[in-house]
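Spelled out from the first residue to the last, the chains are:
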Amino acid sequence: MSNDLRIGVVGAGQMGADHIARITNRISGAVVSAVVEPDKGRADAAAANAPGAASFARIEDAIAADAVDAVLIAVPGQFHEPVLVPALEAKLPILCEKPLTPDSASSWSILELEQKLDKPHIQVGFMRRFDPEYAALRALVASGDAGDLMMLRGVHRNPSVPGSYTESMLITDSVVHEFDVVPWVAGSTIKSVEVKYPRRNSLSPEHLREPILVLMELENGVLVDVEMNVSVQFGYQVATEAVFEKGLARIGQPSGLQTWRDGTFSIADHVSFTTRFATAYDAQIQRWVDAVHGSTLVDGPNAWDGYLVALACEAGVKALDGGIIPVESPERPAFYA
Ligand code: ISE
């Protein structure tokens, strides 16, 4: 009998479909055993990449049919809690796409439920931690080889966003990644968040006031600025410059095909996060699968990290209306040590 981890993927939209193809084609030790997706068109399209997977409309049905050993949640954040609760009650390991839940109160109740189990069961899908360049930058900070880190200067640029993307999603759907990865790289939690508005891009969807400049102060005194820009038109870019006492480091520079033609030099760049972070997504899922086989269940950001990010997002959303908004980070419970 195969020892493959039977993963139930919940949600077969852009991210769910991407994970289904990844698990089937590139991840070892796991199969997609169930696709939970009420939309028949999406479910059928996903099934093409998940040979043998059963189809369910609700996670409860997949659990009752004993069709899954683990759950990967890839529906939008507002639908995470109704999947997390039955999956935790069934004591299943979970990889939950970001955010854990849309607000800190619901994230807190997930933490309470999880702490009834013997150990953390939830990993949150902050894939940037699995990007080799982010990991190298974190190692450089920790080594102290370039002296102390003083500033992080980042850009987070999307070519465009769908009509359903709202102003607060600049924070909760996009800057949410920086709220996780910046403390991880810099080794310090977020003390406050502020948002500044430059001139508005006339090409932005009418209901969006963007780009925005997000400023964070960390507890250790590091200052961070992030240009959050979702209408750049030309492609997808996530890049950071780190300013140290004895030098600089840069990550996220274009690394695609270089061409010289007609008197012009060019480097191919990404147009979507699915390719920009493909290596990171692969590593994230492989390490999660390995952790479940090895019974640690989590190898990466856990639900506590997801909760801290929910607190930062609440401050970030308030900061859209002005002011420097403090972030109170409570002490990490021993369960999540
Ligand atoms: C999207 O949901 C993501 O998670 C991407 O990583 C981010 O760059 C984008 O802004 C979000 O909309």
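These numbers come from a predicted model, not from an experiment. (Residues numbered from 1 in each chain as written. Predicted model: local features only at pLDDT ≥ 70, side-chain atom pairs only at ≥ 80, totals over all residues. Heavy atoms only, no water.)

> Just to check I follow, could you spell out the overall build of the protein for this structure?
Across its full length, the protein carries 10 helices and 15 strands. Scaling as 2.2 N^0.38, a compact globule of 337 residues should have a C-alpha radius of gyration of about 20 Å, and the protein matches this with 20 Å. With the C-alpha coordinates of the protein rotated into their principal frame, the extents come out at 55 × 55 × 45 Å. Expressed as a percentage of its 337 residues, the buried residues of the protein come to 52%. Look at the contacts in the protein between residues 6 or more apart in sequence, and 71% of them connect residues 24 or more apart. Approximately 15300 Å² of the protein is accessible, and the part contributed by carbon and sulfur atoms is 53%. If you average the places of the 27 positive and of the 43 negative side-chain charges in the protein, the two averages end up 3 Å apart. (Helix = DSSP H or I, 4+ residues; strand = E, 2+ residues; numbered from the N terminus. Rg over C-alpha atoms; globule rule 2.2 N^0.38 Å. Buried < 20%, exposed > 50% of the residue type's maximum accessible area, 1.4 Å probe, protein only. Contact = heavy atoms within 4.5 Å. Areas by Shrake-Rupley, 256 points an atom, 1.4 Å probe, with all protein chains shown as cover. Lys, Arg positive; Asp, Glu negative; His and termini not counted. Charge placed at Lys NZ, Arg CZ, Asp CG, Glu CD.)

> What is the right way to look at the pattern of salt bridges in this model?
Any two side chains of opposite charge can pair, so long as their charged atoms come close to each other. Taken as a whole, this structure holds 20 salt bridges when the rule is applied. The shortest N-O distance in the salt bridge between Asp173 and Lys98 comes to 2.9 Å. One end of the pair, Asp173, is in helix 7 (residues 169–186); the other, Lys98, is in the loop between strand 5 (94–97) and helix 5 (104–114), and 75 residues separate them in sequence. The exposure class of Asp173 is partly exposed, given its relative accessible area of 29%. (Salt bridge = Lys/Arg side-chain N within 4 Å of Asp/Glu carboxyl O.)

> Looking at this structure, I do not really get the site of the ligand. What am I missing?
Looking at the ligand, the residues that line it are Lys98, Met127, His156, Asn158, Tyr165, Asp173, Ser174, His177, Tyr236 and Phe273. Ser174 has a polar side-chain atom sitting 2.6 Å from an oxygen atom of the ligand. Here the ligand, which alone exposes 300 Å², has 90% of that area covered by the protein. Residues belonging to the shell around the ligand are distributed by class as follows: four nonpolar, four polar and two charged. (Near = heavy atom within 4 Å. Polar contact = N/O pair within 3.5 Å; in protein donor to acceptor, adjacent residues only side chain to side chain. Nonpolar A, V, L, I, M, F, W, Y, C, P; charged D, E, K, R; others polar.)

> Looking at this structure, I do not really get helix 9 (residues 278–293). What am I missing?
Under the 1.5 Å per step criterion, the end-to-end length of helix 9 is 23 Å for 16 residues, consistent within 8% with the ideal 22 Å. The complete set of buried residues in helix 9 reads Ala280, Tyr281, Gln284, Ile285, Gln286, Trp288, Val289, Ala291 and Val292. Looking one or two places after helix 9, you find Ser295, whose phi comes out positive at around 65 degrees. (Expected span 1.5 Å × (residues − 1).)

> Would you mind showing me how to read the sheet that holds strand 4 (residues 70–73) here?
Backbone hydrogen bonds are what pair the strands of a sheet, in a parallel or an antiparallel way. The strand order across the open sheet formed by six strands is 3-2-1-4-5-6, and the pairing between neighbours is parallel. One side of each edge strand has no neighbouring strand; the edge strands of this open sheet are strand 3 (54–56) and strand 6 (122–125). Across the sheet, the mean angle separating the axes of adjacent strands is 25 degrees when strand polarity is ignored. Of the strand pairs in this sheet, strand 4 and strand 5 are connected by three bridges, and their pairing is parallel. Opposite Val71, over in strand 5, you have Ile94 as the bridge partner. (Pairing = 2+ DSSP bridges. Axes fitted to C-alpha atoms, helices over the stretch in contact; angles between N-to-C directions.)

> Looking at this model, I keep getting lost on the side chain of Gln237. Mind explaining?
Mapped onto the elements of the fold, Gln237 is located in strand 11 (residues 237–244). Within polar-contact distance, the side chain of Gln237 engages the side chain of Asp269 at 3.4 Å. Those residues within four positions of Gln237 in sequence are excluded, and the remaining contacts are Val155, His156, Arg157 and Asp269.

> Hey, could you run me through the pairing of strand 11 in this one?
The two faces of a sheet get side chains in turn, since along a regular strand they alternate between them. Here strand 11 lies mainly inside the structure; seven of its eight residues are buried. Where strand 7 (residues 149–157) meets strand 11, eight bridges bridge the pair, whose relative direction is antiparallel. Paired with Leu149 across the bridge in strand 11 is Phe244. Here five bridges tie strand 11 to strand 12 (residues 247–251), and the two strands are oriented antiparallel to one another. Across the sheet, residue Glu241 finds its bridge partner in strand 12, namely Arg250. Counted between consecutive antiparallel strands, the loop separating strand 11 from strand 12 contains two residues.

> Looking at this model, I keep getting lost on the side chain of Ser33. Mind explaining?
Checked against the element boundaries, Ser33 lands in strand 2 (residues 30–36). For Ser33, a relative accessible area of 13% corresponds to the buried category. Separated by 2.7 Å, the side chain of Ser33 and the backbone oxygen of Ala67 make a polar contact. Excluding residues that lie within four positions of it along the chain, Ser33 makes contacts with Arg6, Ile7, Gly8, Gly52, Ala53, Ala54, Ala67 and Val68.

> Would you mind going over the pairing of strand 13 (residues 258–261) with me for this structure?
Where strand 13 meets strand 14 (residues 264–267), four bridges bridge the pair, whose relative direction is antiparallel. Within strand 14, the position partnered with Gln258 by the bridge is Ile267. Hairpin connection of strand 13 to strand 14: two residues between the antiparallel strands, including Asp262 at a positive phi of 50 degrees.

> Where do I start with the domain arrangement of the protein in this structure?
Frequently, the measure chosen for interface size is the accessible area removed from exposure when the parts meet. Assigned domains of the protein: these are domain 1 (5–128 + 279–303) and domain 2 (140–276 + 311–326). Computed from C-alpha atoms alone, the centre-to-centre distance between domain 1 and domain 2 is 27 Å. At the interface, 12 residues of domain 1 touch 13 residues of domain 2. The largest per-residue losses of area from domain 1 upon contact with domain 2 belong to Lys98, Phe126 and Arg128, which jointly make up 51% of the total buried on that side. The interface formed by domain 1 and domain 2 holds two salt bridges in total. A salt bridge links Glu178 to Arg128, with the shortest nitrogen-to-oxygen separation between them at 3.0 Å. Here domain 1 is connected to domain 2 by four residue pairs in polar contact (both at pLDDT 80 or more). (Domains from an automatic or database assignment. Buried area = accessible area lost by both parts, 1.4 Å probe.)

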